[in-house]
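Notes for the structure review
Residue strings, one per chain:
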Amino acid sequence: MAKVLTVSDEVVESLWTDQVHRHSVDLVLAAGDLPFDYLEYLANALEQPCVLVPGNHDVDLGGYARRRGLWMRDGFPARWPGPQGWVDTDGRIVDVAGLRIAGLGGSIRYSYGPNQWTERQQSRRVKTLARAADRRYRRDGRGVDVLLTHAPPLGIGDREDPPHRGFACLHDAVRRMRPAWLLHGHIHPHGETLPERRMDQTRVVNTVGYKILDITPGGDGAD
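Residues numbered from 1 in each chain as written. Predicted model: local features only at pLDDT ≥ 70, side-chain atom pairs only at ≥ 80, totals over all residues. Heavy atoms only, no water.

As annotated in an unreviewed UniProt entry, the protein chain carries the name Metallophosphoesterase and comes from Kibdelosporangium aridum.

Below, the structure is given as C-alpha cells:
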C-alpha cells in the first residue's frame with residue numbers, strides 16, 4: 001500500500017512550511033493549477049516521487065522530451081518550464097511508488113489559454129491513453145491504479161458554468177481503464193464538504209487543497 005499526498009488548485013500554507021514533514025508519504029500527486037515554487041518546495045521537502053498533470057491556468061508543458069540528460073523540444077535543446085523534481089504524466093502512463101498512474105490534464109475549452117480542450121480533442125487523448133494502458137496490461141498484467149486528471153467527469157462533481165463543466169469522455173476513460181481511483185482538482189469547494197463519489201468501482205476524489213490517501217496497487221486492467 002502506498003501513502004499518497006494529493007494536492008491541487010489551492011495552496012495549503014501548512015504544507016509550505018516545516019509542518020509538511022509531519023506527513024510521511026511514498027508519493028505526491030498534483031492535479032494542476034498550483035504555483036510551481038510550491039510544488040518544488042514539496043518535492044525538495046518530502047524527497048519522494050512527484051507526478052503531476054497541468055491545470056487550465058498552468059503553462060503549456062507539452063512537447064518536451066528528456067534525452068541523454070537534456071530537455072528537448074522540436075529537436076532543439078530547451079528548458080522544461082515545469083517544476084523541478086516533478087514528472088508530467090499528461091497523456092502518459094508512469095509507474096512510480098508501486099502504482100500505475102495515467103494522466104489527463106487540462107479543462108474543457110472556454111477561452112484561448114493553454115491546457116484547454118474541446119470534448120472531441122480530449123476524447124482523442126482518452127483513446128490514445130487507453131490504448132497505451134491496454135498495451136501495458138498485455139505486457140505485464142497490471143492495470144491502472146490512478147487516473148489523475150485536472151477536470152472531473154461530466155456530472156460527477158463538476159459545475160454548470162462553462163469553465164467548470166466536466167468531460168463526458170472521462171466516463172469512457174474509466175470504463176476502458178478501470179482505475180481504482182480517479183483524482184481530480186479544478187472544482188473549488190468554497191467551504192463545502194465534498195463527498196467521495198463512485199463510477200462503478202472507481203473512487204472519485206476531489207483533491208483541491210490536499211488529501212492523504214492509502215492506495216493499494218493492483219488496478220483492474222484495461223479492456
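The rest of the description comes next.
The subject of this paragraph is the overall build of the protein chain. On a plain count of helices and strands, the protein chain comes out with three helices and 16 strands. For 223 residues, the compact-globule estimate of 2.2 N^0.38 gives 17 Å, and the C-alpha radius of gyration of the protein chain, at 16 Å, lies within 12% of that figure. Projecting the C-alpha coordinates of the protein chain onto the three principal axes gives extents of approximately 45 × 40 × 40 Å. When the 223 residues of the protein chain are sorted by exposure, 50% land in the buried category. When contacts within the protein chain are restricted to residue pairs at least 6 apart in sequence, those whose partners lie at least 24 apart make up 65%. (Helix = DSSP H or I, 4+ residues; strand = E, 2+ residues; numbered from the N terminus. Rg over C-alpha atoms; globule rule 2.2 N^0.38 Å. Buried < 20%, exposed > 50% of the residue type's maximum accessible area, 1.4 Å probe, protein only. Contact = heavy atoms within 4.5 Å.)

Taken in spatial order, the three strands make up an open sheet running 4-5-6, and their pairing is antiparallel. The sheet terminates laterally at strand 4 (64-67) and strand 6 (76-77), the two strands that pair on one side only. Relative to strand 6, strand 5 (residues 70-73) is paired through two bridges, and the arrangement is antiparallel. When the sheet's bridge partners are listed, Met-72 is paired in strand 6 with Pro-77. (Pairing = 2+ DSSP bridges.)

Taken N-terminus to C-terminus, the directions of helix 2 (residues 119-140) and helix 3 (residues 169-177) make an angle of 10 degrees; their axes are 9 Å apart at the nearest point. Overall, the two elements helix 2 and helix 3 adopt an arrangement that is roughly parallel. Across the interface between the two elements, Glu-119, Gln-122, Ser-123, Val-126, Lys-127, Leu-129, Ala-130, Arg-131 and Ala-133 from helix 2 touch Cys-169, Leu-170, Asp-172, Ala-173, Arg-176 and Met-177 from helix 3. For the contact of helix 2 with helix 3, the residue count by class is eight nonpolar, two polar and five charged. (Axes fitted to C-alpha atoms, helices over the stretch in contact; angles between N-to-C directions. Parallel < 35°, antiparallel > 145°, perpendicular 65-115°, else oblique. Nonpolar A, V, L, I, M, F, W, Y, C, P; charged D, E, K, R; others polar.)

Position of Asn-115 relative to the elements: it lies in the loop between strand 10 (107-108) and strand 11 (116-117). A polar contact is formed between the side chain of Asn-115 and the backbone oxygen of Gly-55, at a distance of 3.1 Å. At a separation of 3.2 Å, a polar atom in the side chain of Asn-115 contacts the main-chain carbonyl oxygen of Val-59. When neighbours within four sequence positions are excluded, Asn-115 is seen to be in contact with Pro-54, Gly-55, Asn-56, Asp-58, Val-59, Asp-60, Gly-106 and Ser-107. (Polar contact = N/O pair within 3.5 Å; in protein donor to acceptor, adjacent residues only side chain to side chain.)

With that settled, consider the nonpolar core. Counting 22 residues, the largest nonpolar core has Ala-102, Leu-129, Leu-147 and Met-177 as the members making the most contacts within it. At the level of secondary structure, the elements contributing two or more residues to this core comprise strand 9 (99-104), helix 2 and helix 3. Val-25, Val-28, Ala-30 and Leu-46 belong to the second-largest nonpolar core, a separate cluster that totals 21 residues. (Core = buried A, V, L, I, M, F, W, Y, C linked by side-chain atoms within 4.5 Å.)

It is worth spelling out the pattern of salt bridges at this point. On inspection of all chains with the given rule, the structure shows 10 salt bridges. Asp-172 is paired through a salt bridge with Arg-175; the nearest N and O atoms lie 2.8 Å apart. With Asp-172 and Arg-175 both in helix 3, this residue pair falls three residues apart, about one helical turn. For Asp-172, a relative accessible area of 23% gives the class partly exposed. Note on Arg-175: relative accessible area 46%, which makes it partly exposed. (Salt bridge = Lys/Arg side-chain N within 4 Å of Asp/Glu carboxyl O.)

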